[in-house]
Amino acid sequence: MLQSAPDALEFPASTANAAPADYWDMTRALSLVGDTLVKLDAQGHLQPALAVAWQSDASARHWQFTLRRGAKFHDGSAASPAAIAQILGALHPGWNVRASADPVSIDIDSETAMPSLLAELALPRNLLLKRSMKDNRIPIGTGPFLVAEWQPGKLLRLAASEESWAGRPFVDAVEIEFGKSLRDQAIALELNKADIIETAPEAANGSHGHNASSSSSLPVELLALVFSANSKAQDPRLREALALAIDRKPIQSVLLKGAGEPAASILPNWMTGYSAVFSSEANPQRARAVLADSRQPALKVSYGLSYDPRDPQAQLIAERIALNVREVGITVQVSLSGAEDIRLMRVVLPSPDPATSLAEAARQLGLPQTALPTPRGNSLDDLYQAERSLIDGYSVIPLFHLPVASEASARVHGWTPDRLGAWSEGGFSLADLWLADPEAGSR
Amino acid sequence: MHKLRSTARYNQPIPHMRARELTQKSSGLRLCWLTSFLLVTVFLPAPLCASSLGDTARQLAHKIAAAAGPGAVALEVTNRSSLDEKSVREVRSALEAALHVEGVYTAKSEQAMGTVEVVLSESLREYVWTAEIVIGSDEKKVAIVSLPRSPTGASFSPALPIVLKSTLLFDREQPMLDIALVEMPGGSRLLVLDDSTVAIYRRQGANPSGRWDLETSLPIAHARTFPRDLRGRLLLRRDHLFDAYLPGTLCRSSAAAPLTLTCTDSDDPWPLAPDDSVRAFYAASRNFFTGALSPGIGKVSNVPSFYSAAALPRTNYTLWTFAAVDGPLHLVDGITDQTIRGAKSKWGSDLAVVHSNCGTGTQLLVSESGDKERDGLRAFEIPDRDPVAVSAAVEFNGRIVALWPESSGTGAAAIVKRKDTGWYEAYRVSISCGN
């Protein structure tokens with residue numbers, strides 16, 4: 001069961017109005033149907049998927065991928081270089097994607113260097129899917145399951161693909177019910193009407209009386225304050241004071257019920273290891289001193305703070321932040337209407353590759369993407385400088401890094417949700433699980 | 001890929017491609033030096049050694065000195081990583097010494113021109129050490145250095161009486177279910193079982209590190225769809241070359257040349273021991289044995305469903321060990337079925353028994369699932385009822401997807417799916433006596 005209720009089996013074209021749940025749910029559904037060329041695990045190691053080998057020239061503008069032999073789409077057509085090139089070319093009009101001279105490879109060329117191409121290709125938005133022209137653009141992939149039925153916003157029924165290149169899934173079918181709140185999902189699990197559900201990260205930390213197993217991913221979401229372009233709070237000193245005033249620990253322990261990590265960096269420590277240099281400690285005394293230097297008459301102005309009403313915790317967190325900053329002399333009005341000066345946003349960090357996630361986070365937050373480092377350079381110094389440059393102007397104030405969580409019933413065997421939250425890390429997808437026979441007790 | 005390299009158009013292979021190039025040069029069998037390298041890297045534990053910590057500390061000291069300039073600073077070192085206290089002390093000592101060489105001295109804060117706060121942290125990939133440098137009223141400066149983490153986080157372990165030796169026999173892109181090495185007229189042959197064929201490779205030349213050339217490929221005809229997590233077993237026979245067991249399918253080779261393979265739908269039980277003394281029924285649509293034995297072990301004809309089993313000879317009986325599907329290890333002596341839960345906390349689902357001249361003469365090889373990326377094998381003995389580790393773990397760069405004892409009983413075949421390339425590697429694992 002999943003929270004979102006998508007009208008189409010496609011990633012949202014714009015991230016502006018998409019909630020992280022929309023991203024995760026579509027990732028989880030489409031990853032069962034399609035494959036990417038390559039995969040990245042949590043440690044950033046590349047794994048072959050539909051491509052079994054790859055290489056680039058020194059400039060990283062020319063790439064070649066050797067495709068897996070014998071892979072087929074669910075409609076029976078071959079996952080040939082021409083077919084794959086056509087799909088990738090449509091996803092990335094700026095790239096020149098074509099079948100190579102040899103019969104098993106594709107070439108990808110670009111005018112600009114693409115050092116992070118492999119991490120980009122591993123993102124779920126680059127799943128290689130054909131679209132049915134006659135059947136509501138239903139995706140046709142090479143993955144372990146094929147789409148058997150699609151009721152927009154309600155139900156996706158998947159059937160095991162007998163010819164999946166990775167082998168036939170153990171289960172015959174998967175039914176995904178969309179548009180179910182976390183509470184509805186929990187009840188369905190309790191009543192044995194669902195086998196796998198999403199859950200709040202804090203719930204995953206608790207114990208369960210029904211033998212279900214719950215687990216949390218690594219922190220793969222960022223909760224942050226973002227200043228809009230026409231915000232009244234333009235003075236960086238005012239923004240710095242606001243950042244210093246926020247006491248993250250009580251919010252984490254009470255409102256987030258211990259889930260996640262207080263953060264002052266965009267990227268979590270498991271990706272970079274250097275987040276200690278971004279202090280997330282509250283310092284109201286210094287906030288008042290900084291505010292005294294501000295040119296902006298903070299005391300006379302009220303700043304509007306908005307939040308995503310679909311995020312169940314957002315309103316309480318926003319109100320707590322308003323309380324914190326009021327103590328140092330900044331007035332913030334939490335509201336869904338009126339002028340928006342500050343927005344409380346939750347964004348997805350979609351890749352274990354830190355440079356890719358930094359670029360994606362900057363895009364979702366509406367920040368300028370200047371001089372972002374490349375994974376090929378793989379320099380922590382470059383990465384740190386790029387992240388520092390995004391944060392230094394206080395256009396964004398990171399607050400928390402949050403995991404996503406899920407729960408499986410006791411009859412689900414052989415499955416562990418991956419550490420990146422997508423339910424599809426190598427060897428641990430829904431294709432690898434099996435369900436115990438209720439007649440056979442624990443088996 | 002050969003064609004690509006000849007064009008010289010692409011000249012910057014990434015690590016994955018380097019791995020592939022190695023395999024292509026040897027066309028399926030890697031060269032002797034690679035095996036030697038692997039043995040060295042496998043048997044030497046790879047924790048962080050003092051020199052790598054010291055080198056990294058010197059790098060950090062150099063960056064701190066460049067930012068701070070000469071003089072006295074108050075140094076604070078905080079450990080937020082998995083480094084132990086001894087390592088942290090070594091890092092601090094190395095850092096102070098290297099700073100001294102650079103003209104930066106540590107002092108109490110009231111006597112210092114500034115502060116340096118070093119945090120020893122880590123990401124999933126590497127140790128990351130940061131230094132925040134504040135000199136007088138200058139803006140804070142940050143220095144960062146990193147050091148790759150040990151892939152396993154393993155530390156040195158005490159000397160153990162038995163050494164596991166793994167020898168890479170063969171690798172290829174396609175999955176392998178089991179292998180068998182056969183000495184035949186005209187040279188060694190390697191039988192490789194997969195879901196559609198039994199391929200027979202012949203070693204070129206007498207050199208043990210010579211390449212394997214495909215001699216023939218015998219197709220496996222089967223009516224039933226195989227399960228996703230397919231397992232299969234090759235057993236060498238006296239009256240004909242081999243039998244191949246697959247879920248719901250039994251294949252038997254001919255006795256004489258030209259070699260043929262006859263496959264039939266079959267639910268016959270699979271032999272658990274080379275002498276066929278105990279057989280077990282395999283669940284045709286699953287990846288485990290049902291638990292029904294034929295013939296049984298003494299009075300026991302049913303055990304819980306299990307993935308693998310091994311027989312440990314005792315003076316008056318045979319103790320059978322079963323890696324059960326529901327988790328614990330089961331010890332069956334023909335009368336009782338004893339469950340050991342704690343022992344399997346790190347154990348994987350694969351067991352194989354190997355006979356040697358070391359220790360009690362029979363060791364149990366057990367797969368260890370440390371994480372999703374690297375599996376290992378360790379030898380155990382069960383002197384009474386509790387397994388005792390008698391070797392260090394031999395680790396592989398990927399997951400062990402199959403482990404079967406050799407028909408001779410003196411070794412085991414381990415099939416590993418490499419993490420980095422996705423290729424499959426077949427190893428022979430044998431035992432040497434340690435000190």
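The preceding data block contains the structure.
Residues numbered from 1 in each chain as written. Chains lettered and ligands numbered in written order. Predicted model: local features only at pLDDT ≥ 70, side-chain atom pairs only at ≥ 80, totals over all residues. Heavy atoms only, no water.

Quick look at the packing of helix H11 (residues 354–365) of chain A against helix H12 (residues 380–392) of chain A now. Two packed helices can be described by the angle between their axes and the distance between those axes. Residues and elements named next belong to chain A. Direction vectors running N to C along H11 and H12 enclose 15°, while the axes themselves pass 11 Å from each other. Looking at the two axes, H11 sits roughly parallel to H12. Read as a crossing pair, H11 and H12 show a hand that is left-handed. From H11, Pro-354, Ala-355, Leu-358 and Ala-362 reach across to H12, where they touch Leu-383, Ala-386, Glu-387 and Leu-390. Its residues assigned to classes, the contact of H11 with H12 comprises seven nonpolar, no polar and one charged. (Axes fitted to C-alpha atoms, helices over the stretch in contact; angles between N-to-C directions. Helix = DSSP H or I, 4+ residues; strand = E, 2+ residues; numbered from the N terminus. Parallel < 35°, antiparallel > 145°, perpendicular 65-115°, else oblique. Left-handed = near helix turned anticlockwise from the far one by under 90°. Contact = heavy atoms within 4.5 Å. Nonpolar A, V, L, I, M, F, W, Y, C, P; charged D, E, K, R; others polar.)

Counting residues at the interface gives 44 residues for chain B and 57 residues for chain A. At the boundary of chain B with chain A, total buried surface from both sides reaches about 4,400 Å², with 51% on carbon and sulfur atoms. Applying the counting criterion to the chain B and chain A interface returns two salt bridges. With its nearest N and O atoms 2.8 Å apart, the salt bridge here joins Asp381(A) to Lys63(B). Those elements that provide at least two residues to the side of chain B that touches chain A are helix H2 (15–26), strand E3 (114–122), strand E4 (126–135) and strand E5 (141–148) of chain B. A total of four residues in the side of chain B that touches chain A trace back to one element, the largest contributor, which is E4(B). Across the side of chain B that touches chain A, the residue classes break down as 14 nonpolar, twelve polar and 18 charged. (Buried area = accessible area lost by both parts, 1.4 Å probe. Salt bridge = Lys/Arg side-chain N within 4 Å of Asp/Glu carboxyl O.)

Residues and elements named next belong to chain A. Strand order in this open sheet of six strands is E15-E19-E14-E18-E16-E17, and the pairing throughout is mixed. Sheet topology places strand E15 (261–262) and strand E17 (331–334) at the edges, where each strand pairs with a single neighbour. Across three bridges, strand E16 (residues 302–307) lies against strand E18 (residues 342–348) in parallel orientation. Within the sheet, the bridge partner assigned to Leu-305 lies in E18 and is Ile-342. (Pairing = 2+ DSSP bridges.)

Our focus in this paragraph is the nonpolar core. Residue and element names in this part refer to chain A. Ranked by size, the top nonpolar core spans 38 residues in total, and within it Ile-266, Tyr-274 and Leu-365 carry the most contacts. Elements supplying a minimum of two residues to this core: helix H1 (20–33), strand E14 (221–227), helix H8 (269–272), E18, H11 and H12. Broken down by element, this core gets its largest block of residues, six residues, from H12. The two domains that each donate at least three residues to this core are domain 1 (15–33 + 143–217 + 404–435) and domain 3 (221–402). Contact partners of Leu-365, with chain neighbours within four places excluded, come to Leu-222, Val-226, Met-345, Val-347 and Val-396. (Core = buried A, V, L, I, M, F, W, Y, C linked by side-chain atoms within 4.5 Å. Buried < 20%, exposed > 50% of the residue type's maximum accessible area, 1.4 Å probe, protein only. Domains from an automatic or database assignment.)

In total, this model carries 17 aromatic pairs over all chains according to the counting rule given. The interplanar angle of 75° and the centroid separation of 5.1 Å between the aromatic rings of Tyr23(A) and Trp24(A) together place this pair among those described as edge-to-face. Between Trp150(A) and Phe178(A) the ring centres are 5.8 Å apart and the planes differ by 85°, which places this aromatic pair in the edge-to-face class. A residue pair is termed long-range when its members are at least 10 positions apart, and Trp150(A) in strand E9 (residues 145–151) and Phe178(A) in the loop between strand E11 (173–177) and helix H4 (182–190) qualify at 28 residues. Relative accessible area serves as the criterion here: at 10%, Trp150(A) is assigned to the buried category. Taken together, the ring pairs in this structure connect Tyr245(B), Trp270(B), Tyr282(B), Phe289(B), Phe306(B), Trp320(B) and Phe322(B) into an aromatic cluster. Cation over ring: Arg68(A) sits above Trp165(A), and NZ or CZ is 3.9 Å from the ring centre. The side chain of Lys130(A) reaches across the aromatic face of Phe73(A), ending 4.7 Å from its centre. (Phe/Tyr/Trp six-rings, centres within 6.5 Å; stacked < 30°, edge-to-face > 60°. Lys NZ or Arg CZ within 6 Å of the ring centre and 35° of its normal.)

Here we come to the side chain of Arg346(A). All names here are of chain A. Structurally, Arg-346 can be placed in strand E18. With relative accessibility at 19%, the residue Arg-346 sits in the buried group. Looking at Arg-346, its side chain comes within polar contact range of the side chain of Asp-311, at 2.8 Å. A polar atom in the side chain of Arg-346 sits 3.0 Å from the side chain of Gln-313. The residues touching Arg-346, leaving out its near neighbours within four places in the chain, are Pro-20, Glu-221, Leu-222, Leu-223, Asp-311, Gln-313 and Leu-402. (Polar contact = N/O pair within 3.5 Å; in protein donor to acceptor, adjacent residues only side chain to side chain.)

Turning next to the pattern of salt bridges. Enumeration according to the criterion identifies 44 salt bridges over all chains in this entry. One salt bridge in this structure joins Asp195(A) and Arg411(A), with 2.8 Å as the shortest N-O distance. Note that Asp195(A) is positioned in the loop between H4 and strand E12 (196–199) and Arg411(A) in the loop between strand E20 (405–408) and strand E21 (412–413), a separation of 216 residues in sequence. Looking at Arg411(A), the relative accessible area reads 34%, which means it is partly exposed. Linking Glu406(B) and Arg428(B) is a salt bridge whose minimum nitrogen-to-oxygen distance equals 2.5 Å. In this pair, Glu406(B) sits in the loop between strand E28 (398–405) and strand E29 (412–418) while Arg428(B) sits in strand E30 (residues 424–433), placing the two residues 22 residues apart along the sequence. Ionic contacts of the salt-bridge type, sharing partners, join the residues Glu120(A), Arg125(A), Glu360(A) and Arg363(A) into one network.

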